[in-house]
Amino acid sequence: TDQLWVDRSMRGQGLGRELMQRVHDFGKENGCTLATVTTMDFQAPDFYIKLGYKVDFSRSGYSDSSTCVFMSKSL
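What you see is a predicted model; the values in this text were computed from it and never measured. (Residues numbered from 1 in each chain as written. Predicted model: local features only at pLDDT ≥ 70, side-chain atom pairs only at ≥ 80, totals over all residues. Heavy atoms only, no water.)

Draft legend 1. Representation of the overall build of the protein chain within the structure. When helices and strands are counted, the protein chain shows two helices and three strands. Each helix and strand of the protein chain, placed in order from N terminus to C terminus, yields the pattern α-β-α-β-β. Expressed as lengths along the three principal axes of its C-alpha atoms, the size of the protein chain is roughly 40 × 30 × 25 Å. Looking at the protein chain as a whole, 28% of its 75 residues qualify as buried. Within the protein chain, contacts between residues separated by at least 24 positions form 52% of all contacts whose residues are at least 6 apart in sequence. (Helix = DSSP H or I, 4+ residues; strand = E, 2+ residues; numbered from the N terminus. Buried < 20%, exposed > 50% of the residue type's maximum accessible area, 1.4 Å probe, protein only. Contact = heavy atoms within 4.5 Å.)

Structure (structure tokens):
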């Protein structure tokens, strides 16, 4: 799968950060130099920013005036 989701009851324990670190390590071991993520503005952009991701662009027009945020990070 290509989706990451941590149950609300398990958040704040570093699980998401650990999972993303493993993804980044796997990517580096396999020659990847760039990681990309897509999230909604009401979900996790701040989480990814804390991990070093930068916003590449945003696309508005989704339900309830939400925005899809496309982000990347050099590995």
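From this point on, the discussion continues.
Draft legend 2. Broad picture of the nonpolar core. Ranked by size, the top nonpolar core spans eight residues in total: Met20, Ala35, Val37, Tyr48, Leu51, Tyr53, Val69 and Met71. Met71 has contacts with Ala35, Thr36, Val37, Thr39, Pro45, Tyr48, Ile49, Tyr53, Lys54, Val55 and Asp56, leaving out every residue within four places of it along the chain. (Core = buried A, V, L, I, M, F, W, Y, C linked by side-chain atoms within 4.5 Å.)

Draft legend 3. Main features of the packing of aromatic side chains. Per the counting criterion, the structure on display carries three aromatic pairs. Ring centres 5.0 Å apart and planes at 70 degrees place the aromatic pair Phe47 and Tyr48 in the edge-to-face group. Using a relative accessible area of 8% as the deciding quantity, one classes Tyr48 as buried. With a centroid separation of 5.6 Å and an interplanar angle of 75 degrees, the aromatic rings of Tyr48 and Tyr53 are classed as edge-to-face. The same class applies to Tyr48 and to Tyr53, which are both buried. An aromatic cluster is defined as three or more aromatic residues linked by ring pairs; in this entry it consists of Phe47, Tyr48 and Tyr53. (Phe/Tyr/Trp six-rings, centres within 6.5 Å; stacked < 30°, edge-to-face > 60°.)

Purely geometric stuff here, so don't read any function into it on its own.
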